[in-house]
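Listed below are the residues making up each chain.
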Amino acid sequence: MTSRQRLGLLLGVLLTAQFMANIDVAIVNVAAPSIRDSLHASGGELELVVSGYTLAYALLLVTGARLGSTHGYRRLFLLGLAGFTVASLVCGIAPSAATLIGARIVQGAAAGLMVPQVFTGVQQYFSGAARAKALGAQAIVLAGGAVAGQALGGILVSANLLGTGWRPIFLINLPIGIAALLLGLRYLPVDALPSNEAGTKRRIDIPGVAVLSAALLLVVVPLVFGRDAGWPWWTWVSLAASVPLVVMFVRLQRRIADRGGYPLVNLHILRGRALPWGLAAQAAATGTYYTMLFTLALYLQQGLGRSPLYSGLALVPWVAAFGVAGPVLTRLPPARVPKLAPYGCLLLAVSYAAISLTVGVGHGNGPLLLVLLGFGGLGLGLSYSAMMRHLTESVPRGFASDFSGILVTVFQIAGVLGVAALGTLYQGLAPIGGPDQARVGFTVLNACFAVIALLAMVGSVISTRTPRSAAVARDNLRESVTSPSAVPRQRL
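Summarised in this report is the structure supplied together with it. (Residues numbered from 1 in each chain as written. Predicted model: local features only at pLDDT ≥ 70, side-chain atom pairs only at ≥ 80, totals over all residues. Heavy atoms only, no water.)

1. Details of unusual backbone geometry
Note the cut-off: Every helix listed is a DSSP run of H or I at least four residues long, and every strand listed is a run of E at least two residues long, numbered separately from the N terminus.
Positive phi, close to 55°, is recorded for His40, a residue that is not glycine. Phi is positive for Trp231, close to 50°, though the residue is something other than glycine. With respect to the element layout, Trp231 can be found in the loop between α8 (206–229) and α9 (233–258).

Written out as structure tokens, the structure is:
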């Protein structure tokens, strides 16, 4: 087998795991009514079935990335994949709501260990044109997972295979997970664990894990549960309490790095303009997409009376257009690719504005809406693929775990924050789900999306406006880090 074929199989294994994790974020939403009836679950239990996964997933992303660098990317990936597969089996045969909730939390935690290794693996084992293609394929998986989860969930629940109702939405992970495990054991390169200057294996930053986990818990819990609870006082107290913990975490990580230690997240990678502004821009743009996933379903189903399957398939043009962006960018000179990120955000903003106008004049339920969603997907795809190419080239390969942990956590929180804030805005404008209120809510919401996309364009311009931004970021890292942290790239 050639090196190129092995790389293809390696990428296939990584992206299969990413796809499984993404699908299971959304697939339960469609099956929630069936789960409630089958297990006699209360409203609170059903909410934990849906949100317990997201909560555990978000909390472990940064820690999972660091564990990959200290204990081996391959080892953590396979451990997370095995845990995810076993937890899926328990979900599928759960006899009670309590069992299902526990299994969903374990499933989310396993995904939190597994997913950061996917992005780290792309950075470690792919470079140049091969990395651009891998990032393009990963972009398709990221965009398509949630939509596939909605569509697949609707199909499997409606089919009621052998009278099993909702259970196949979890059991389908078994054959896929087992196949990915076998292929991963064969084709993922063996880890070369890094050491410090004394030659001893690095240890995980336990204080950093504790402080960051507490801070994320205080942020994610109110964002996940606050909207359905009507934003009681404790949600605002929790969000406010997270601020001093974030400050404490930043100071702790800097102190450890200044002493020549090994922090949970090396914040030196955020020096310069490239990463902070680029991450902020992509978080803003991606947050609008996750909110669109949530609100489009409400608009089409509750507002216009469309079926769940229709609302899931309505985003297929978005995902298809998103997937076109990656292959297109690989045909351009590498130096020109980052410059397309702001134009992608601009196209996204124009698409949202056009959707707002179209819905506002009463034509937001037909082919025109699908076409405009396609342009939105193309804009986000161009922005994401170009910016990821820019940012990954700004970070040395040895800092892949730091970047991976920050990236996936920022995206996850951006999605949760977008749904919490803008989803609440839509539901406030369309509380009873009638067509007139739904049109008003969706019109205002997409106008807000357009403004956010324009702000993302500004961030993209700042991140990419100097051709030497990547080199400056690399120089800053080399000057600021005293202990070696580069993980040697392994031959396939």
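And the narrative resumes.
2. Description of the packing of aromatic side chains
How we decide: Think of it this way: a Phe, Tyr or Trp ring, Trp meaning its six-membered ring, pairs with another when their centres are within 6.5 Å, and the plane angle makes it stacked under 30 degrees, edge-to-face over 60, tilted otherwise. Only protein chains enter the accessibility calculation, which uses a 1.4 Å probe. A residue is then buried if its area is under 20% of the maximum for its type, exposed if over 50%, and partly exposed in between.
What the rule picks out here adds up to 11 aromatic pairs. Ring geometry for Tyr53 versus Tyr57: centroids 5.8 Å apart, planes at 45°, classification tilted. Residue Tyr53 and its partner Tyr57 are both found in helix α2 (residues 43–71); the two are separated by 4 residues, about one turn of the helix. Each member of the pair Tyr53 and Tyr57 is classed as buried. Here the aromatic rings of Trp231 and Trp236 are separated by 5.7 Å at their centres, their planes lie at 35°, and the arrangement is tilted. Grouping aromatic residues by their ring pairs yields a cluster made of Tyr289, Tyr290, Trp318, Tyr352 and Phe449.

3. Things to note about helix α15 (residues 400–429)
Selection criterion: Multiplying 1.5 Å by the helix residue count minus one yields the expected span of that helix.
When the terminal C-alpha atoms of α15 are compared, their 43 Å separation across 30 residues agrees well with the 44 Å that a helix rising 1.5 Å per residue should span. The buried fraction of α15 amounts to 21 of the 30 residues, a majority that puts the element mostly inside the structure.

4. Observations concerning α2
Between its first and last C-alpha atoms α2 spans 40 Å; for 29 residues at 1.5 Å apiece the expected length is 42 Å, and the two agree. The element α2 is largely enclosed, with a buried count of 21 among its 29 residues. Note on α2: the residue one or two positions beyond its end, Gly72, has a positive phi of about 110°.

5. Focus on the packing of helix α14 (residues 367–394) against helix α16 (residues 435–464)
As a reminder of what qualifies: Here an angle of 0 to 180 degrees is reported between the N-to-C directions of two axes, which are lines fitted to C-alpha atoms, with helices fitted over the stretch in contact. Each helix crossing is assigned a hand: it is left-handed if the near helix lies turned anticlockwise from the far helix by less than a right angle, otherwise right-handed if that turn is clockwise. Note on definitions: a residue-residue contact is assigned when non-hydrogen atoms from the two residues lie within 4.5 Å. Under the grouping applied here, Gly and all other residues not named as nonpolar or charged are polar, the nonpolar ones being Ala, Val, Leu, Ile, Met, Phe, Trp, Tyr, Cys and Pro and the charged ones Asp, Glu, Lys and Arg.
At a minimum axis separation of 11 Å, α14 and α16 run at an interaxial angle of 35°. Helix-helix and strand crossings are classified by hand; for α14 and α16 the assignment is left-handed. Touching Met387, His390 and Leu391 of α14 are Ser460, Ser463 and Thr464, all from α16. Broken down by class, the residue content of the contact of α14 with α16 amounts to 2 nonpolar, 4 polar and no charged.

6. Structural notes on empty space enclosed by the protein
For the record, the criterion: A cavity, in this analysis, means grid points on a 1 Å lattice covering only the protein atoms where a 1.4 Å probe fits yet has no way out; a pocket is instead an open set bounded by protein on both sides within 12 Å along at least five of seven lines, and a residue lines either one if it has an atom within 4 Å of a point. Grid points are joined across faces, edges and corners, and a volume is the space filled by probe spheres set on the points.
Per the counting criterion, the structure on display carries 4 cavities of 30 Å³ or more. Every residue lining the second largest cavity is counted, 11 residues in all, and those nearest its centre are Leu14, Tyr73, Arg74, Tyr125 and Leu188. Of all the secondary structure elements, the ones that give two or more residues to the lining of the second largest cavity are α1 (3–39), α3 (73–93) and α4 (97–125). Looking at side-chain class alone, the lining of the second largest cavity contains 7 nonpolar, 2 polar and 2 charged residues.

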